[in-house]
Amino acid sequence: MKWALIGIGVLIGLLVVAFTGLRVYYAVSVNAKVANELRNDPGGERAALVMLLTFPDGRELPVNYLREGNQVFAGADGRWWRAFRDGNVPVEVLIKGERLTGRARTVMDEPEYTRDVFKRLRPNVPQWLPEWLDAYLVVIDLDT
């Protein structure tokens, strides 16, 4: 019994290390490659769907977006939406080679508005998915 518990503990530890390693690899390697592609090929296929979001602390994150007039919408699948939870957070975005500034906020308590935007932002998401799997909606009001 003792050895079984030790084995389970080791297995859990290995899974945590593997998961953490994949997150770090993705954040450092994959995101950096996509960010460089967005900067170097603003007319490319990826730039039509992905923007580069710069946080107030200087971190950059490539994210899918939808621009409608002076608003930009993004669906946050990870935990990065928390940076905008209080609203009115200054950000910079790179969209098709154009650097824009604005204020970001996470939409927390407007499910109908969120669903309406996600229909346009992510039209291919299966309708049968439960709502608790939905991403958070981040809205950026661009400076004019």
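As the structure is a computational prediction, the values presented were derived from the model and not from experiment.

Right, let's get into a nonpolar patch on the surface. Together, Met1, Leu5, Ile8 and Ile12 line one region of the surface with nonpolar side chains, adding up to about 480 Å² of accessible area. Inspection of the secondary structure assignment puts Met1 in the segment before helix 1 (2-40). Of the residues examined, Met1 reaches a relative accessible area of 79% and is grouped as exposed.

Glancing now at the sheet that holds strand 1 (residues 50-54). Hydrogen bonds along the backbone pair up the strands of a sheet, which may run parallel or antiparallel. Taken together, seven strands build an open sheet; the order of strands is 2-1-5-6-7-4-3 and the sheet is antiparallel. Sheet topology places strand 2 (60-64) and strand 3 (66-68) at the edges, where each strand pairs with a single neighbour. For this sheet, the mean inter-axis angle between neighbouring strands, taken without regard to orientation, is 35°. In this structure, strand 1 lies alongside strand 2, joined through five bridges in antiparallel fashion. Looking at the pairing, Leu52 lines up with Pro62 of strand 2. Lying on the sheet, helix 2 (residues 111-121) is in contact with strand 3, strand 4 (71-76), strand 6 (98-107) and strand 7 (136-142); it crosses strand 4 at an angle near 90°.

Next up on the list: the confidence of the model for the protein. This prediction gives the protein a mean pLDDT of 86; 83% of its residues lie at or above 70. Contacts for the low-pLDDT stretch residues 21-29, under 50 throughout, to residues beyond four places or in other chains number four contacts.

Procedures and definitions
Residues numbered from 1 in each chain as written. Predicted model: local features only at pLDDT ≥ 70, side-chain atom pairs only at ≥ 80, totals over all residues. Heavy atoms only, no water. Patch = residues over 30% accessible without salt bridge, like charges linked within 9 Å, V, L, I, M, F, W, Y side chains within 5 Å. Areas by Shrake-Rupley, 256 points an atom, 1.4 Å probe, with all protein chains shown as cover. Salt bridge = Lys/Arg side-chain N within 4 Å of Asp/Glu carboxyl O. Helix = DSSP H or I, 4+ residues; strand = E, 2+ residues; numbered from the N terminus. Buried < 20%, exposed > 50% of the residue type's maximum accessible area, 1.4 Å probe, protein only. Pairing = 2+ DSSP bridges. Axes fitted to C-alpha atoms, helices over the stretch in contact; angles between N-to-C directions. Contact = heavy atoms within 4.5 Å. pLDDT = per-residue confidence, 0-100.

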